[in-house]
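One letter stands for each residue in the lines below.
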Amino acid sequence: MKITTVGIDLAKNLFQLHGVNEFGKTVIKRQLRRDQMAEFFVNLPPCLISMEACGSAHHWARKLQGFGHTVKLMAPQFVKPYVKSNKNDAADAEAICEAVTRPNMRFVPIADVEQQAVLALHRVRQGFVKARTAQANQIRGLLGEFGLIIPQGIAYITIRVPELIEDTSNELPGSFRLLVQRLLDHLKELDRQVDEIEVQIQTWHRNNAVSCKLAQIPGIGPITASALVASIGDAKNFSSGRQVAAWVSTSSAPSLTVCAECLNFNLLLV
């Protein structure tokens, strides 16, 4: 009997499948190894395939679309209510298969390889920014133990700390001065990494017409504009800025600290 809908519980090596026919009857319930996935789906007649939007989901979505299938991605929190029993791979695959057929289900746009590459830049930049802040706070905290207070603001670290290291009147031990200098060098390296990644993001931004349009909105710069474009993709997948705002709030898209509902969303629809 023809398979109309397949739910896939993604994993690193073993993928759980749950397929139903047009009457909702289960016709396939099996596991596939990673190297069996392409062979199985290329020989399967076109059908609706659903997955949670998690690790490698966009890769598999593009690959299965290339085989002629219709692929839908869903946020994991929207699939969870459809799990009928104790959580396991088979139950998850069945829930994914059922959730995709719900009339009010919201789907995650499938990202192309360029979008994923830009989002990777944003995530790595975000990680470096967090590490830089943590390193600055550690330097400030260590110096504070010796009664040396650095004003708030990361710029004061690079200005005041070298002066404190060179100042012989503060009675800092030599080993501690060397330690703080090591931490300061690490902070400068993190700062350099952030700057280099931002240059890459801005280069992509300048070459993307939609991102440049978004940057014309007051309060939106190249970082936020490029993150929005790379995360949202085709804005026609959304009916309004309110829907975009709801999706952004439930996604893990980096750098999206702006409420999409406040944007002049017509810029994306041109």
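Residues numbered from 1 in each chain as written. Predicted model: local features only at pLDDT ≥ 70, side-chain atom pairs only at ≥ 80, totals over all residues. Heavy atoms only, no water.

## Remarks on helix H2 (residues 57–66)
Residue pairs spaced three or four apart in an α-helix point in one direction, given the helix's 3.6 residues per turn. Residues Ala57, His58, Trp60, Ala61 and Leu64 constitute the buried set of H2. Seen from one end, H2 has its buried residues packed into an arc of 160°, which puts them on one side. Where H2 is buried, its residues contact strand S1 (5–9), strand S2 (14–20), helix H1 (34–42), strand S4 (48–52), strand S5 (70–74) and helix H5 (113–144). Trailing H2 by a residue or two, Gly68 shows a phi angle of about 95°, which is positive. (Buried < 20%, exposed > 50% of the residue type's maximum accessible area, 1.4 Å probe, protein only. Helix = DSSP H or I, 4+ residues; strand = E, 2+ residues; numbered from the N terminus. Arc of directions from axis to C-beta. Contact = heavy atoms within 4.5 Å.)

## Looking at the packing of helix H7 (residues 174–206) against helix H9 (residues 222–232)
Interhelical geometry of H7 versus H9 gives an angle of 65° and a closest axis separation of 9 Å. As H7 runs across H9, the sense of the crossing is left-handed. For the pair H7 and H9, the contacting residues are Glu198, Ile201, Gln202, Trp204 and His205 in the first and Pro222, Ile223, Ala225, Ser226 and Val229 in the second. Residues belonging to the contact of H7 with H9 are distributed by class as follows: six nonpolar, three polar and one charged. (Axes fitted to C-alpha atoms, helices over the stretch in contact; angles between N-to-C directions. Left-handed = near helix turned anticlockwise from the far one by under 90°. Nonpolar A, V, L, I, M, F, W, Y, C, P; charged D, E, K, R; others polar.)

## A closer look at the nonpolar core
Residues Val6, Ile8, Leu17, Met37, Phe41, Ile49 and Met51 are the most contacted members of the largest nonpolar core, which totals 22 residues. At the level of secondary structure, the elements contributing two or more residues to this core comprise S1, S2, strand S3 (26–33), H1, S4, H2 and S5. Examining the composition of this core, we find that four residues originate from one element, H2, more than from any other. By size, the runner-up hydrophobic cluster in this structure holds 15 residues, among which are Ala136, Ile139, Ile165 and Leu183. (Core = buried A, V, L, I, M, F, W, Y, C linked by side-chain atoms within 4.5 Å.)

## A look at the packing of aromatic side chains
The full count for this structure, using the stated rule, is three aromatic pairs. The interplanar angle of 85° and the centroid separation of 5.0 Å between the aromatic rings of Phe40 and Phe41 together place this pair among those described as edge-to-face. Summarising the burial analysis for this pair, Phe40 and Phe41 share the class buried. On the numbers, 4.4 Å between centres and 40° between planes, the contact of Phe146 with Phe176 is tilted. Of this pair, Phe146 sits in the loop between H5 and helix H6 (154–166) while Phe176 sits in helix H7, and the two are 30 residues apart along the sequence. For Phe146, a relative accessible area of 41% corresponds to the partly exposed category. Classification of Phe176 by relative accessible area gives buried; the value is 9%. (Phe/Tyr/Trp six-rings, centres within 6.5 Å; stacked < 30°, edge-to-face > 60°.)

## Observations regarding the sheet that holds S1
Pairing is mixed across the open sheet formed by five strands, whose spatial order is S3-S2-S1-S4-S5. Across the chains shown, the open sheet's two edge strands, defined by having one partner strand only, are S3 and S5. Each adjacent strand pair in this sheet contributes to an overall mean axis angle of 20°, direction not counted. Sheet strands touched by H1: S1, S2, S3 and S4. Its angle to S3, the strand with the most contacts, is close to 140°. (Pairing = 2+ DSSP bridges.)

## Notes on the side chain of Asn21
Its location among the elements puts Asn21 in the loop between S2 and S3. Assessed through its relative accessible area of 3%, Asn21 is described here as buried. A polar contact of 2.9 Å, which involves the side chain of Asn21, links it to the backbone nitrogen of Phe23. (Polar contact = N/O pair within 3.5 Å; in protein donor to acceptor, adjacent residues only side chain to side chain.)

## Re the confidence of the model for the chain
The pLDDT averaged across the chain works out to 88; a share of 90% of its residues lies at or above 70. Note on residues 257–270: pLDDT under 50 across the span, and 29 contacts to partners over four residues away in sequence or across chains. (pLDDT = per-residue confidence, 0-100.)

## Topic: unusual backbone geometry
Phi at Ser56 is positive, roughly 75°, even though this residue is not glycine. Mapped onto the fold, Ser56 is located in the loop between S4 and H2. Even without a glycine there, the phi angle at Glu171 is positive, about 60°. Residue position: Glu171 is located in the loop between H6 and H7.

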